[in-house]
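Structure at a glance
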Amino acid sequence: MAKMPKTPLKPETRLVTAGRDTKGQHGFVNPAVYHASTVLFPTAEDQVAHRARYQYGRRGTPTTEALEEALRALEGEACAGVSLMPSGLSAIATALMAVAGSGDHVLVTDSVYRPTRVFCDGVFKRMGVETTYYDPLIGEGIAKLIKPNTRAVFVEAPGSQSFEMQDIPAIATVAHDKGAVVLMDNTWATPLYFRAFEKGVDLSIQAGTKYIGGHSDIMFGCVSANAATVAKLKDTVHALGLCVGPDDVFLALRGLRTMAVRLARHYHSALTVARWLGSRPEVARVLHPALESDPGYAIWRRDFTGACGLFSIVLKPMPEKAVHAFMNELSLFGMGFSWGGFESLVILFDCTGYRTATRWAPGGPTLRIHIGLEDTGDLIADLERGFAAMRAA
Ligand SMILES: Cc1ncc(COP(=O)(O)O)c(C=O)c1O
């Protein structure tokens, strides 16, 4: 923006104003989408000296800079830099590689997004990094798992299927005392509802495929770093040659402008549907940390200012065919991975097979639900039809 107000802006306003250079864009509101690899230097002297604002497409264009700047403004003062990644998973893997290498040890929450585990148990292990999974509810007890070579503690709150809440400030205090950095997958709350840097996180990751994109049509991720970690992050990203296609960068920037209003709607609609589900005789438990009945509620209230559209339910024990009948009957809930788009989703999941530090025994079939931007009355009517089919199966 050409003129900026003098008073500090709220995150919702920064989402609208940051990363805009109207004058540089001939008055247009949004940046041009630069499809670019080669950048030409005007003279031999400039080429030899690498003298140019932009030198090569992979290293940044006005489009990628606009998005980085907007994400940085959203994170707030403590954010020293943002790197754009081709997916949420590549953002997680790159952030981990930025802070740990051969001979190092990392601690990862047992509730972590499963592909993060696959990275740690596969590529990271082959690189010589040892991973220990810990109970997500460990809090300051993390101290007893920290070894002299522990470089990083990875947190994710809540877990994106099982929804345990973590005491991130307590974990971060211990990690920092012992010289380890804290990485967080902040996709669920986004920086709008969880101020990661203010709570002790050093590298905050988002799968931008979810709420930043918001329309289920891009693959994108990002890592925001504080001053202590930004150089390592940038070095790793440049060495790996990671960059994002310009159209996805543009769509991420466009999504970001409306993220606050979409997220507020997801938050309130999901709570309405979650409360309704909690009253159903077929449902044993609703796993949603913003519900007063949830074991994670106290931490959510203390550390978070909102929630998104994603939560899980535990059904009372029933045959699989009854659960399938419920899912097959739904017409407003698609069955598919990912979340954060405008549409509602449902998936059947089971964490039993891969947890190593804690036992997953919810006592019945578990469904993960994403509440989209539809009318909640329509969604509840659809779910009611699903329960009728479940009873009939
Ligand atoms: C919590 C969480 N983190 C990261 C990812 C990975 O994001 P992407 O699919 O963009 O690689 C996902 C995807 O579902 C996720 O749910």
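First, a word on scope: everything that follows refers to the structure included in this document. Predicted model, so just to flag it, every value in this text is computed and none were measured. As a convention, each chain's residues are numbered from 1 in the sequence order in which they are written. Residues qualify for local features only when their pLDDT is at least 70, as the model is predicted, and side-chain atom pairs are given and counted only at 80 or more; totals for whole chains, interfaces and linings, by contrast, use all residues. Side-chain numbers come from the whole structure's heavy atoms, not from hydrogens or water.

Topic: the packing of helix H4 (residues 88-99) against helix H5 (residues 114-126)
The condition is simple: Every axis in this analysis is a line fitted to C-alpha atoms, fitted for helices over the stretch in contact. Angles between the N-to-C directions lie between 0 and 180 degrees. Working definition: helices are DSSP H or I runs of at least four residues, strands are E runs of at least two. Numbering for both runs from the N terminus. Roughly parallel means an angle under 35 degrees; roughly antiparallel means over 145; roughly perpendicular covers 65 to 115; every other angle is labelled oblique. Left-handed describes a crossing whose near helix is turned anticlockwise from the far helix through less than a right angle; right-handed describes the clockwise counterpart. Two residues qualify as a contact provided that any one of their heavy atoms is within 4.5 Å of a heavy atom in the partner residue.
Where H4 contacts H5, the two axes come as close as 10 Å, and the packing angle between them is 45°. Taken together, H4 and H5 sit at an angle that is classed as oblique. Crossing geometry of H4 relative to H5 is assigned as right-handed. Mapping the contact onto sequence places Leu89, Ile92, Ala93, Leu96 and Met97 in H4 and Pro115, Thr116, Phe119, Cys120 and Phe124 in H5.

Concerning the site of the ligand
As a reminder of what qualifies: Each residue is tested against the molecule or strand, and it is near if at least one of its non-hydrogen atoms lies within 4 Å. N or O atoms closer than or at 3.5 Å make up a polar contact, with two conditions inside protein: a donor-capable atom paired with an acceptor-capable one, and, for residues adjacent in sequence, both atoms drawn from side chains. In short, Shrake-Rupley with a 1.4 Å probe defines the accessible areas, and a residue's cover is counted only from the protein chains shown. Ten residue types, Ala, Val, Leu, Ile, Met, Phe, Trp, Tyr, Cys and Pro, are classed as nonpolar, four, Asp, Glu, Lys and Arg, as charged, and the remainder, Gly among them, as polar.
By nearness alone, 14 residues border the ligand, and Gly88, Leu89, Asp185, Thr209 and Lys210 come closest of all. With respect to the ligand, the side chain of aspartate 185 contributes an N or O atom lying 2.6 Å from a nitrogen atom. Side-chain polar atom of lysine 210 to an oxygen atom of the ligand: 2.9 Å apart, as the coordinates give it. The protein chains hide 91% of the 390 Å² of surface that the ligand would expose on its own. Ranked by residues supplied to the shell around the ligand, first place goes to H4 with three residues. Of the residues in the shell around the ligand, the class split is six nonpolar, five polar and three charged.

Let's talk about the pairing of strand E4 (residues 150-156)
Under the convention used in this document: Residue exposure (1.4 Å probe, protein chains only): buried if accessible area is under 20% of the type maximum, exposed if over 50%, otherwise partly exposed. In this analysis, strands are considered paired if DSSP registers two or more bridges between them. Handedness of a crossover is defined as follows: with both strands directed away from the viewer, a clockwise route from the first strand across the helix to the second makes it right-handed.
With six of seven residues buried, E4 lies mostly within the body of the structure. Across four bridges, strand E2 (residues 105-109) lies against E4 in parallel orientation. Bridging from a neighbouring strand, histidine 105 pairs with threonine 150 of E4. As judged from the five bridges shared by E4 and strand E5 (residues 181-185), these two strands associate in the parallel manner. Residue glutamate 156 lies in a different strand from E5, and its bridge partner there is aspartate 185. As for the winding sense of the linkage, the β-α-β connection from E4 through helix H6 (residues 168-177) to E5 is right-handed.

Re the packing of aromatic side chains
The criterion, for reference: Stacked, tilted and edge-to-face pairs are distinguished by plane angle, under 30 degrees for stacked and over 60 for edge-to-face with tilted covering the rest, among Phe, Tyr and Trp rings (Trp via its six-membered ring) whose centres lie within 6.5 Å. Think of it as a cone above the ring: NZ of Lys or CZ of Arg counts as a charge over the ring if it is within 6 Å of the ring centre and within 35 degrees of the ring normal.
Tallying each qualifying case throughout the model produces 10 aromatic pairs. On the basis of an interplanar angle of 45° and a centroid distance of 6.0 Å, the ring pair of tryptophan 276 and phenylalanine 387 is categorised as tilted. You can see tryptophan 276 sitting in helix H10 (residues 259-278) and its partner phenylalanine 387 sitting in helix H13 (residues 376-392), a full 111 residues away along the chain. Of the two residues examined, tryptophan 276 and phenylalanine 387, each falls in the buried class. Site record: aromatic cluster; members linked through ring pairs are Tyr193, Tyr267, Tyr297 and Trp300. Of note, arginine 117 hangs over the ring of tyrosine 133, and the distance from its end group to the ring centre comes to 4.0 Å.

Observations concerning the sheet that holds strand E10 (residues 333-334)
Pairing in this open sheet of five strands is mixed, and the strands run E8-E9-E12-E11-E10 from one edge to the other. Edge positions in the open sheet fall to strand E8 (283-287) and E10, since each of these has one partner strand only. The strands touched by H10 are E8, strand E9 (310-315) and strand E12 (366-370); relative to E9, the strand with the most contacts, the crossing angle is about 5°.

What about the pattern of salt bridges?
To be explicit about the condition: The salt bridge criterion pairs a side-chain nitrogen of Lys or Arg with a carboxyl oxygen of Asp or Glu, the two atoms within 4 Å.
With the rule as written, the count across this model stands at 13 salt bridges. The partner of arginine 53 in a salt bridge is glutamate 65, and the shortest N-O contact between them spans 2.7 Å. Taken together, the positions of arginine 53 in the loop between helix H2 (44-49) and helix H3 (62-75) and glutamate 65 in helix H3 put the pair 12 residues apart, joining distant regions of the chain. Residue glutamate 164 is joined to arginine 355 by a salt bridge in which the shortest nitrogen-to-oxygen separation is 3.0 Å. Here arginine 355 lies in the loop between strand E11 (344-349) and E12 and glutamate 164 lies in the loop between E4 and H6, a separation of 191 residues in the sequence. Since its relative accessible area comes to 10%, arginine 355 is described here as buried. Via salt bridges that share partners, Asp167, Arg302 and Asp303 belong to a single interconnected network.

Digging into the nonpolar core
Rule in force here: Here the nonpolar core consists of buried residues drawn from Ala, Val, Leu, Ile, Met, Phe, Trp, Tyr and Cys, with membership extended through side-chain atoms lying within 4.5 Å.
Trp188, Phe220, Leu277 and Phe311 are the most contacted members of the largest nonpolar core, which has 93 residues in total. Ranked by residues supplied to this core, first place goes to H10 with 10 residues. Apart from the residues within four sequence positions on either side, leucine 277 is in contact with Val283, Val286, Phe311, Ile313, Ile369, Leu383 and Phe387. Membership of the second largest hydrophobic core comes to 29 residues, among which are Met85, Ala100, Tyr133 and Val181.

Some words on the side chain of histidine 266
With respect to the helices, strands and loops of the structure, histidine 266 is situated in helix H10. The class for histidine 266 is buried, based on a relative accessible area of 0%. A distance of 2.8 Å separates a polar atom in the side chain of histidine 266 from the backbone oxygen of isoleucine 371. Not counting residues within four places of it along the chain, the set of residues in contact with histidine 266 comprises Tyr211, Cys308, Gly309, Gly340, Gly341, Phe342, His370, Ile371, Gly372 and Leu373.

Examining the side chain of threonine 209
Inspection of the secondary structure puts threonine 209 in the loop between strand E6 (203-207) and strand E7 (221-225). Each residue touching threonine 209, except ones within four places of it in the same chain, is listed here: Gly88, Gly214, Ile218, Met219, Phe220, Ser338 and Trp339.

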